[in-house]
Amino acid sequence: MHALAAANLDIDREEKKIFAPVGIIKYWSGAVAVNTPYGDIFAGFLRTTFFSIVDKIMRGLGDNTTFGEYIPWLPKAGGEPVAYLRIHEKSNIATSWSWGKYKGDQTLAEAKILLKETISRFNKDPEDPNDKRIPITDAQVKDFRGWDYFPHFDRHELEHGFYAKFNALQGHKNTYYASGLNGFETVEFAIRAGQDVVDTYFDSVYPLDSNGAQYNIEL
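Since the model is a prediction, treat every value here as computed from it, not as a measurement.

J.: Hey, could you run me through the overall build of the protein chain in this one?
T.: Scanning the protein chain from terminus to terminus reveals seven helices and seven strands. Seen in sequence order, the protein chain has helices and strands lined up from the N terminus as α-α-β-β-α-β-β-α-β-α-α-β-α-β. Across the 219 residues that make up the protein chain, the buried fraction comes to 30%. Partitioning the contacts of the protein chain with sequence separation of at least 6, the portion at a separation of at least 24 is 70%. In the form shown here, the protein chain has an accessible surface area of approximately 14000 Å², with 55% of it arising from carbon and sulfur atoms.

J.: In this structure, what is going on with the side chain of S98? I would like to understand it.
T.: For S98, the position within the fold is in strand β4 (residues 93–102). Beyond its immediate stretch of four places on either side in the chain, S98 contacts K26, Y27, W28, G79, E80, P81, V82 and F144.

J.: Where do I start with the environment of G79 in this structure?
T.: Tracing the chain through its elements places G79 in the loop between α3 (50–59) and β3 (81–85). Taking C-alpha positions, G79 is 7.8 Å from Y27, a pair spaced 52 residues apart along the chain.

J.: Looking at this structure, I do not really get the sheet that holds β4. What am I missing?
T.: Backbone-to-backbone hydrogen bonds join strands into a sheet, with any given pair of strands oriented parallel or antiparallel. Strand order in the open sheet formed by five strands is β2-β3-β4-β1-β5, and the pairing between neighbours is antiparallel. Sheet topology places β2 (41–43) and β5 (141–152) at the edges, where each strand pairs with a single neighbour. Recorded for the sheet is a direction-independent mean angle of 20° between the axes of neighbouring strands.

J.: Where do I start with the environment of E89 in this structure?
T.: Considering the arrangement of structural elements, one finds E89 in the loop between β3 and β4. Assessed through its relative accessible area of 59%, E89 is described here as exposed.

J.: Would you mind going over helix α7 (residues 187–201) with me for this structure?
T.: Along an α-helix, a turn takes 3.6 residues, which lines up residues three or four apart on a common side. In a regular helix each residue adds 1.5 Å, so 15 residues correspond to 21 Å; α7 covers 21 Å between its end C-alpha atoms and thus fits that length. Here α7 has its buried residues at A193, G194 and V197. Here the buried residues of α7 occupy an arc of 95° about the axis, which is enough to place them on one side.

J.: Would you mind going over the pattern of salt bridges with me for this structure?
T.: Any two side chains of opposite charge can pair, given that their charged atoms come close. If you walk through the whole model with that rule in mind, you get seven salt bridges. In this structure, D10 and K173 form a salt bridge, with 3.6 Å as the shortest nitrogen-oxygen distance. One end of the pair, D10, is in the loop between α1 (2–6) and α2 (13–19); the other, K173, is in the loop between α6 (162–168) and β6 (175–177), and 163 residues separate them in sequence. The class of D10 is exposed, set by a relative accessible area of 60%. The network of salt bridges with shared partners includes K112, K116 and D138.

J.: Explain the pairing of strand β1 (residues 23–33) to me, please; I cannot follow it from the model alone.
T.: For a regular strand, side chains alternate in direction, first toward one face of the sheet and then toward the other. Strand direction decides the pairing type here: β1 and β5, joined by nine bridges, are antiparallel. Paired with A31 across the strands is D143, a residue of β5. As judged from the eight bridges shared by β1 and β4, these two strands associate in the antiparallel manner. Across the sheet, the residue bridging to W28 is S98, located in β4.

J.: For this particular structure, what's the right way to read the confidence of the model for the protein chain?
T.: Low pLDDT marks regions whose predicted coordinates should not be analysed in detail. Of the residues in the protein chain, 78% have a pLDDT of 70 or more, and the chain-wide mean is 82. Of all the helices and strands in the protein chain, strand β7 (residues 216–218) carries the lowest mean pLDDT, 55, while helix α4 (residues 108–120) carries the highest, 95.

J.: Looking at this structure, I do not really get unusual backbone geometry. What am I missing?
T.: Note: most residues except glycine have negative phi, and most peptide bonds are trans. At F150, a position not held by glycine, the phi torsion is positive, near 55°. The residue F150 is located in strand β5 in this model. Under the relative-accessibility criterion, F150 is labelled partly exposed at 22%. In this model, K173 sits at a positive phi of 55°, which is unusual for a non-glycine residue. In this structure K173 comes out as partly exposed when scored by relative accessible area, which is 39%.

Parameters and conventions
Residues numbered from 1 in each chain as written. Predicted model: local features only at pLDDT ≥ 70, side-chain atom pairs only at ≥ 80, totals over all residues. Heavy atoms only, no water. Helix = DSSP H or I, 4+ residues; strand = E, 2+ residues; numbered from the N terminus. Buried < 20%, exposed > 50% of the residue type's maximum accessible area, 1.4 Å probe, protein only. Contact = heavy atoms within 4.5 Å. Areas by Shrake-Rupley, 256 points an atom, 1.4 Å probe, with all protein chains shown as cover. Pairing = 2+ DSSP bridges. Axes fitted to C-alpha atoms, helices over the stretch in contact; angles between N-to-C directions. Expected span 1.5 Å × (residues − 1). Arc of directions from axis to C-beta. Salt bridge = Lys/Arg side-chain N within 4 Å of Asp/Glu carboxyl O. pLDDT = per-residue confidence, 0-100.

What follows is the structure in structure tokens.
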């Protein structure tokens, strides 16, 4: 709802009824100056055996390999970074990704504290036994932003036809909606949703209402 409000839309009672139950996952991305070597990867969602599996595949699988070793492990969402990657050899900036609880109330400031605490624990060259970990400060965090990730209805809303109700809102007060809510939170599905709105309701890419005013299409 706050995203719709930020778009300065005049949200009426019917729209609030449909969109109020939509749940999102707290998600943050960051750019952090680090002391880890180029190419180092931290991924908290991989089992400790994952890389040994890659090695086994290269050498041929043995009888001691279990199915569970193939399955990535997703940590309990707590707002800390779950993945981190320094991909540019000539830059010490690493990209981080964090996620929080579903329908959680964690703030950007709280997630930023967890970002600094987590990366500080391994901010060094792991191949140099004499290297010291360098604490991450606000100065090292070049950018850190929060996102509303994976908007969707829960089981109760699905059982009560909320997607049909959502589709019935299309065109209400000259507003059309296209986002990950129509499918999954990827660019591909958002593009498909936009194309579906245009193909279903309009004859042109820049539609005008009967008074010559352009319609609202919310992405």
